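Analysis of the macromolecular model
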Amino acid sequence: MATRPEVKQSSTPELVAGVLSDAKEIAIGHLGRMRSEIGDELTELKQYLARVVIAAGVMVVASLLAGETLALGLVALGLPGWVGFALATVIAVVVGVLLVKRMPSNKQHMDLVPEESMTDLKADLAQIGDKITH
């Protein structure tokens, strides 16, 4: 690798300042990428939360209607009204607990840490360090 004449004539402090300036520019570039990656992850998190809220609202309405239907069906079979509604409530609670326990907990993309950009930044800084030592 050929060295430029201005590098040969530069003093050590000037060379170190140049390396630090280059490292700073690389870090700034990676920080912009990190900001973008965090923004993407925040967007994904907002979309996930919106889907959860909509699903929860729909399930609340559906559960209320199903519970009402079940309770009225039990009353129609001859049970007292309070017994029909109590049984419908117990069934709804049991089903709800089972559903919550069986829900997947896959939240690996919602950590808001830009792993890819951090890895690239570390690799670039390590490469600069290697170039400095040689």
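For every chain, the first residue of its written sequence is number 1, and the numbers climb from 1 along that sequence. Two thresholds apply to this predicted model, a pLDDT of at least 70 for residue-level local features and 80 or more for giving and counting side-chain atom pairs, whereas whole-chain, interface and lining totals are computed over all residues. Hydrogens and water are ignored here; the side-chain numbers use all heavy atoms of the structure.

This brings us to the overall build of the protein chain. Scanning the protein chain from terminus to terminus reveals four helices and zero strands. Within the protein chain, contacts between residues at least 6 apart in sequence are counted, and of these 72% link residues at least 24 apart. Here the protein chain displays about 10600 Å² of accessible surface, and carbon together with sulfur accounts for 69% of that area. A helix here means a DSSP run of H or I that spans at least four residues, while a strand means a run of E at least two residues long, and both kinds are numbered starting from the N terminus. Contact criterion: two residues are considered in contact whenever any of their non-hydrogen atoms come within 4.5 Å of each other. Note that accessible areas follow from Shrake-Rupley with a 1.4 Å probe, and for residues the cover is restricted to the protein chains shown.

Within the patch definition used here, like charges are joined within 9 Å and nonpolar side chains (Val, Leu, Ile, Met, Phe, Trp, Tyr) within 5 Å, considering only residues with over 30% relative accessible area and no salt bridge. We define a salt bridge as a side-chain nitrogen of Lys or Arg found within 4 Å of a carboxyl oxygen belonging to Asp or Glu. On the surface, a nonpolar cluster with roughly 330 Å² of combined accessible area is contributed by Leu 70, Ile 91, Val 95 and Leu 99. By the element assignment, Leu 70 lies in helix H2 (residues 12-76).

Before going further, it helps to spend a moment on the packing of H2 against helix H3 (residues 81-102). Axis separation between H2 and H3 bottoms out at 8 Å; the angle between their running directions is 140°. Classified by the angle their axes make, H2 and H3 are oblique. The handedness of the crossing between H2 and H3 comes out as right-handed. Listed contacts from H3 to Gly 67, Glu 68, Leu 70, Ala 71, Leu 72, Leu 74 and Val 75 of H2 are Gly 81, Gly 84, Phe 85, Leu 87, Ala 88 and Ile 91. For this classification, Asp, Glu, Lys and Arg are treated as charged, while Ala, Val, Leu, Ile, Met, Phe, Trp, Tyr, Cys and Pro are nonpolar and the rest, including Gly, are polar. Class assignment for the residues of the contact of H2 with H3 results in nine nonpolar, three polar and one charged. Interaxial angle, 0 to 180 degrees, is taken between N-to-C directions of lines fitted to C-alpha atoms, where a helix line uses only the stretch in contact. Here the word oblique covers every angle except those under 35 degrees (roughly parallel), over 145 (roughly antiparallel) and from 65 to 115 (roughly perpendicular). When the near helix sits turned anticlockwise from the far one by under a right angle, the crossing is termed left-handed; a clockwise turn instead gives a right-handed crossing.

Tracing the backbone shows Leu 15 in helix H2. The class of Leu 15 is partly exposed, set by a relative accessible area of 36%. Between the C-alpha atoms of Leu 15 and Ile 132, which are 117 residues apart in sequence, the distance is 9.7 Å. Each residue gets one of three labels from its accessible area relative to the maximum for its type: buried under 20%, exposed over 50%, partly exposed in between, using a 1.4 Å probe on protein chains only.

So, on to H3. With 22 residues, H3 ought to run about 32 Å at 1.5 Å a step, and its terminal C-alpha atoms sit 32 Å apart, in line with that. Val 83, Gly 84 and Ala 88 are the residues of H3 that are buried. All buried residues of H3 lie within an arc of 130° about the axis, which places them on one face of the element. Facing away from the buried side of H3 by over 90 degrees, the exposed positions are Trp 82, Val 90, Val 100 and Lys 101. For H3, the elements touching its buried residues are H2. To estimate how far a helix should reach, multiply one less than its number of residues by 1.5 Å. As used here, the arc is the angular range of directions from the helix axis to the C-beta atoms.

Turning next to helix H4 (residues 115-133). For H4, built from 19 residues, the straight-helix expectation of 27 Å at 1.5 Å per residue is met to within 8% by its first-to-last C-alpha distance of 27 Å. All of the buried residues along H4 are Ser 117, Leu 121 and Ile 128. Taken end-on, H4 shows its buried residues confined to a sector of 35°, consistent with a single buried face. In H4, those exposed residues whose orientation departs by more than 90 degrees from the buried face are Thr 119, Lys 122 and Thr 133. Next to the buried residues of H4 lie H2.

Fair warning: the whole summary comes from geometry, so function is off the table for now.
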